[in-house]
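# Descriptive structure summary
The residues making up each chain are set out below.
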There are 2 protein chains.
Amino acid sequence: VTSRPPSLARAAIVAVGSELLTPLRVDTNSLFITEQLNGLGIDVVCKAVVGDDRAELAHQIRYARARAELVVLCGGLGPTDDDVTREVVADVTGRALLEDASITERLRARFAARFSGEMPAINRRQAMVPQGATVIENTAGSAPGLLMEDASGVVLLLPGPPRELKPMLRALVAGALHDRASGSPVTRRVVRIAGRIESQAEEMLQPLYRAWADAMPPITATILAALGQIELHLSARGATTGSAAACLQSAVNDVIRVFGTDAFSVDGRALEQVVGDLLSAAGLTIGVAESCTGGLITSRLTDVAGSSKYVERSIVSYSNSAKTELLGVPAELIAAHGAVSEPVALAMADGIRSRARVDVGVGVTGIAGPGGGSPEKPVGTVAIAAVTVGETRSRVFRFLGERELVKFQASQAALDMVRRMLIG
Amino acid sequence: VTSRPPSLARAAIVAVGSELLTPLRVDTNSLFITEQLNGLGIDVVCKAVVGDDRAELAHQIRYARARAELVVLCGGLGPTDDDVTREVVADVTGRALLEDASITERLRARFAARFSGEMPAINRRQAMVPQGATVIENTAGSAPGLLMEDASGVVLLLPGPPRELKPMLRALVAGALHDRASGSPVTRRVVRIAGRIESQAEEMLQPLYRAWADAMPPITATILAALGQIELHLSARGATTGSAAACLQSAVNDVIRVFGTDAFSVDGRALEQVVGDLLSAAGLTIGVAESCTGGLITSRLTDVAGSSKYVERSIVSYSNSAKTELLGVPAELIAAHGAVSEPVALAMADGIRSRARVDVGVGVTGIAGPGGGSPEKPVGTVAIAAVTVGETRSRVFRFLGERELVKFQASQAALDMVRRMLIG
């Protein structure tokens, strides 16, 4: 019964929630939404954040509708009085707000199954639907999404929690939004680089940037550097995803030519996934003896689904006696070189490898700070070793930054050492 | 010559830059700006991000001026053609754009001193000033800030790089903005709550919300719930920060009265810090036997500076044989109950406690997914146990969400079990 909406070329994103107007929280959903919409050739022309305030939200929605054919609202679909998105959208689009009995039923069933209890009365607000809206199922939470269309465009309401929003938007991008999009899609590739600092990487990339700007379609490159990792984001817009993809592949090849094995991922995989895939492919197992990283390396390895195939056990040996008792590091070695030293890291790697009977042993010992540094071994000093049959690698690193950054960089360096060992 | 602007109570922030409309970069300047403005009693009522596009930017500025007396624009003050903020603001406020010779001089001197060279011709664009604007010195970069006022309010232009923007805004908050602000400053507190889901917490908080709304000064509460943690943000606006702080302390006391020991932090500390402080205060040590969490619990414990006082060692026993060999979990126990079971979690906690000779032992075993679930023990099933002298706790949890979320919630539940045991 609704008029056919225009095809979608421009989008405006409105994040709703008073907490997003405090100094505490930043809207990050819009990054994922932008990525998904760009993939359909839809440009994001503006983003806004507005509090749980009916008047402000109504103004923002009207403004967004004037700027773009697609307005994506996220947040404010919870069960409480603060959550006003449904009501304001109904108001602005001139629709009645009606209870959808099938949603109420689903909510009741959800509460009975998950929390063994009755649905609180306030959750009924989540079953209210603007007349004529399409209800979008939320498999990860209680608030369903809503999609409305009329002659001036499409308004999409999604819940704020990312784990709820993401699968819902992915499904829409494959379905309803795909059918209504009009632009040429933006295709992206990410190359991850280890062992280089940003200014080095920039210098190496300068000649490539110039060539890419003249490519057809032209390639846009953005470098995002954090401590311990450089990401190069490449994008191209093509009439077909195939033409853009071919152009990007040749740019990826350029990067590999310049960076060699420092370019560790060209397909979105994180370092722990790359290492896990190498271990899987070779049928090898790994054990980690962690001191300053405190379990972070093994936690990252086990973030990968299926890692139980190659992660068998790890030891967090925070004290010297734990290093000696659990890993067989001689107390004299620690006394002679200090706990933070290459010989101790090597003995830890050897110890976990032989005692756990795994193929690859890793040892990490360092000073995460803020205390514990000395002029000779300042905070950020970390010794890392990796051992496998017939091969041993080790190195002392000096990382910058606070405690958690030192831990992260040490985990990154250890995983990268294993990666380089496995690719020979 | 300008009309006196209204006193400043409401602000709108506009971040300018096409890179902020890609999936790669998020505007974080607005968090700092909000904190500074709130300290003057100025509320941020909306935030927007717009690309380097004259028409869009003009629309956004007009919209922002209609919503708030203070409009803060950041970014788009560079020397290139892309940088259009100065020109669009001059346009929208009906001012001529004139070169300020003293800025040109400073720019020339800066280039001579820093880069031993002539100022590129394009940098002259940075000396263009809307007629009547106050120029704000930038000690960390080339783009000066600009402040304009008229009868409808104040427009402030600041450069995008945080290290340039921050000192400039701090100086304005101590000076020009301080004199024009009309509100009372906002003071904040955060209470963190464990063991409750959002809708339960909301129901318990309803009577408090009503009382707080009537308090003098009234207290605003925002609940931020993620899987495994609920944060309650309280803020009050007082003529003096002292009166607001006293009012917030009484609200914090209300929360503690309602939630009891579920309220685990009232001073910004994370759960791992609270647990660490309890261990420190009691002079106790801890060891963790981790299976599905893969080292995450120990990594979180060791994120806290000084944790080597109470973290001695931990075991990641991913395989059954690791549980038996390293923790003494009987193979028959695993065969009888399954690796994911309360008896095995208890045996792991007992094993790490006795073998590591620590005061508190923790055992965690579960199914993080996506594989490995069964109808009886679906993905997300996690058994957790904590053991200390004379006391044993254990429970089987069912967590929702993907692998990393199951890991996080399990780590949160384990730390919380230890916390409750330590406070008796």
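Scroll up a little and you will see the structure.
Before going into details, it helps to say that this report is about the structure given with it.

### Description of the sheet that holds strand E1 (residues 10-16) of chain B
- Spatially, E6(A)-E7(A)-E8(A)-E3(A)-E1(A)-E2(A)-E2(B)-E1(B)-E3(B)-E8(B)-E7(B)-E6(B) is the arrangement adopted by the twelve strands of the open sheet, whose pairing is mixed. Unpaired on one side and paired on the other, strand E6 (134-136) of chain A together with strand E6 (134-136) of chain B mark the two borders of the sheet. On average, each strand axis in the sheet is tilted by 15° relative to the strand beside it, whichever way the strands run.
- Pairing geometry for strand E1 (residues 10-16) of chain A and strand E2 (residues 43-50) of chain A, over seven bridges, is parallel. Paired with arginine 10 of chain A across the bridge in E2 of chain A is aspartate 43 of chain A.

### A look at the pairing of E2 of chain A
- Counted residue by residue, E2 of chain A has seven buried out of eight residues, so it is predominantly covered.
- One crossover worth recording links E1 of chain A to the parallel E2 of chain A by way of helix H1 (residues 29-38) of chain A, and it is right-handed.

### Overview of the pattern of salt bridges
- Following the criterion strictly, the structure yields 49 salt bridges over all chains and no others.
- When the shortest N-O distance is used, the salt bridge between arginine 180 of chain A and glutamate 149 of chain A registers 2.6 Å. On the criterion of sequence distance, the pair formed by arginine 180 of chain A in helix H6 (residues 176-180) and glutamate 149 of chain A in strand E7 (residues 145-150) is long-range, its members being 31 residues apart.
- Here aspartate 303 of chain A makes a salt bridge to lysine 407 of chain B, at a shortest N to O gap of 2.6 Å. Taken as a pair, aspartate 303 of chain A in the loop between helix H10 (296-301) and strand E14 (311-317) and lysine 407 of chain B in helix H14 (residues 403-422) lie in two separate chains rather than in one.

### Points about the interface of chain A and chain B
- Contact residues are listed per partner, giving 70 residues for chain A and 70 residues for chain B.
- Of the charged contacts in the structure, one is a salt bridge between glutamate 56 of chain B and arginine 10 of chain A, with a shortest N-O distance of 2.7 Å.
- Where chain A packs against chain B, one counts 42 residue pairs in polar contact (both at pLDDT 80 or more).
- Here the side of chain A that touches chain B is composed, by residue class, of 28 nonpolar, 23 polar and 19 charged.
- Alignment of E14 of chain A against strand E14 (residues 311-317) of chain B, held across five bridges, turns out to be antiparallel. Note on E14 of chain B: the bridge partner recorded for arginine 313 of chain A is serine 317 of chain B.

### Comments concerning the nonpolar core
- In this structure, Leu57 and Leu73 of chain A together with Leu57 and Leu73 of chain B are the most contacted members of the largest nonpolar core, which totals 62 residues.
- Sequence-distant contacts of leucine 57 of chain B, that is, excluding residues within four places in its chain, are made with Val14, Val16, Val50, Leu73, Val84, Thr85 and Val88 of chain B.
- Formed by 54 residues, the second largest nonpolar core is a distinct cluster that contains Val154 of chain A together with Leu70, Ile136 and Leu158 of chain B.

### Considerations on the sheet that holds strand E16 (residues 381-388) of chain B
- Spatial ordering of the open sheet is given by E17(A)-E16(A)-E15(A)-E13(A)-E14(A)-E14(B)-E13(B)-E15(B)-E16(B)-E17(B), a layout of ten strands whose pairing is mixed. Across the chains shown, the open sheet's two edge strands, defined by having one partner strand only, are strand E17 (391-398) of chain A together with strand E17 (391-398) of chain B. Taken over all neighbouring pairs, the strand axes of this sheet differ in orientation by 10° on average, direction set aside.
- Of the strands in this sheet, strand E13 (286-290), E14, strand E15 (360-366), E16 and E17 of chain B touch helix H13 (residues 342-356) of chain B, which is tilted by about 145° from E15 of chain B.

### Comments concerning the packing of aromatic side chains
Residue and element names in this part refer to chain A.
- With the rule as written, the count across this model stands at five aromatic pairs over all chains.
- A ring pair is formed by tyrosine 209 and tryptophan 212, whose centres lie 6.2 Å apart and whose planes are at 55°; its orientation type is tilted. A residue pair is termed a helical-turn pair when its members lie 3 or 4 positions apart in one helix, as tyrosine 209 and tryptophan 212 do in helix H7 (residues 198-213) at three residues.
- Classification of tryptophan 212 as buried rests on a relative accessible area of 3%.

### Describing the packing of helix H1 (residues 29-38) of chain B against helix H5 (residues 162-174) of chain B
Residues and elements named next belong to chain B.
- Two elements in contact, H1 and H5, have axes whose closest approach is 11 Å; the angle formed by their N-to-C orientations is 10°. Put simply, H1 runs roughly parallel to H5. For the element pair H1 and H5, the recorded crossing hand is right-handed. Contacts between H1 and H5 pair Asn29, Phe32, Ile33 and Gln36 from the former with Pro162, Leu165, Lys166, Leu169, Arg170 and Val173 from the latter.
- Of the residues belonging to the contact of H1 with H5, the class tally is six nonpolar, two polar and two charged.

### Quick notes on unusual backbone geometry
- The linkage connecting methionine 216 of chain A with the following residue, proline 217 of chain A, adopts the cis geometry, with an omega of -10°.
- One can find proline 217 of chain A in the loop between H7 and strand E10 (220-226).
- Residues glycine 369 of chain B and proline 370 of chain B are joined by a peptide bond in cis, for which omega reads 0°.
- Positive phi, close to 55°, is recorded for arginine 357 of chain A, a residue that is not glycine.
- Here arginine 357 of chain A shows up in the loop between helix H13 (342-356) and strand E15 (360-366).

### Considerations on helix H11 (residues 320-327) of chain B
- Within the span of H11 of chain B, buried status applies to Ala322, Lys323 and Leu327 of chain B. The arc that holds every buried residue of H11 of chain B, seen down its axis, measures 105°, which confines them to one face.
- Where the residues of H11 of chain B are buried, they touch E14 of chain A together with E13, E14, helix H12 (331-337), H13 and E15 of chain B.
- Where H11 of chain B ends, the next residue or the one after it, glycine 328 of chain B, has phi of about 70°, a positive value.

### A few points about the packing of H7 of chain A against helix H8 (residues 241-259) of chain A
Residue and element names in this part refer to chain A.
- At a minimum axis distance of 11 Å, the contact between H7 and H8 shows a crossing angle of 150°. With respect to their mutual orientation, H7 and H8 come out roughly antiparallel. Between H7 and H8 lies a crossing whose hand is right-handed. Where H7 approaches H8, its residues Ala201, Met204, Leu205, Leu208 and Trp212 are matched on the opposing element by Ala251, Asp254, Val255, Arg257, Val258 and Phe259.

Reading the values: rules and limits
All chains use their own residue numbering, which begins from 1 and follows the written sequence. Labels are handed out in written order, letters beginning with A for the chains and numbers beginning with 1 for the ligands. Per-residue local features of the predicted model are confined to residues with pLDDT of at least 70, and side-chain atom pairs are confined, for both listing and counting, to 80 or more; whole-chain, interface and lining totals are unaffected and use all residues. Where side-chain values are given, they derive from all heavy atoms of the structure, hydrogens and water being excluded. Strand pairing is defined by DSSP finding a minimum of two bridges between the two strands. A run of DSSP states H or I qualifies as a helix once it reaches four residues; a run of E qualifies as a strand once it reaches two. Both are numbered from the N-terminal end. Note on definitions: angles span 0 to 180 degrees between N-to-C directions of axes, and those axes are lines fitted to C-alpha atoms, for helices only across the stretch in contact. Only protein chains enter the accessibility calculation, which uses a 1.4 Å probe; a residue whose area is less than 20% of its type maximum is buried, one above 50% is exposed, and one in between is partly exposed. With its strands directed away from the observer, a crossover is right-handed exactly when the path from the first strand over the helix to the second travels clockwise. When a carboxyl oxygen of Asp or Glu lies within 4 Å of a side-chain nitrogen of Lys or Arg, that pair is called a salt bridge. What makes two residues a contact is simply this: any of their non-hydrogen atoms within 4.5 Å. Any pair of N or O atoms that falls within 3.5 Å is considered a polar contact. Within protein, one atom must be able to donate a hydrogen and the other to accept it, and sequence-neighbouring residues count only if both atoms are side-chain atoms. Three classes are used: nonpolar for Ala, Val, Leu, Ile, Met, Phe, Trp, Tyr, Cys and Pro, charged for Asp, Glu, Lys and Arg, and polar for all others, with Gly counted as polar. For this analysis, a nonpolar core means a set of buried residues of the types Ala, Val, Leu, Ile, Met, Phe, Trp, Tyr and Cys, connected via side-chain atoms within 4.5 Å. In summary, the pairing rule links any two rings of Phe, Tyr or Trp, Trp by its six-membered ring, whose centres are within 6.5 Å, and it sorts them by plane angle into stacked for under 30 degrees, edge-to-face for over 60 and tilted for everything else. Put simply, angles under 35 degrees are roughly parallel, angles over 145 are roughly antiparallel, angles from 65 to 115 are roughly perpendicular, and the rest are oblique. Crossings are assigned a handedness: left-handed for a near helix turned anticlockwise from the far helix by less than a right angle, right-handed for a clockwise turn. By construction, the arc corresponds to the directions joining the helix axis to the C-beta atoms.

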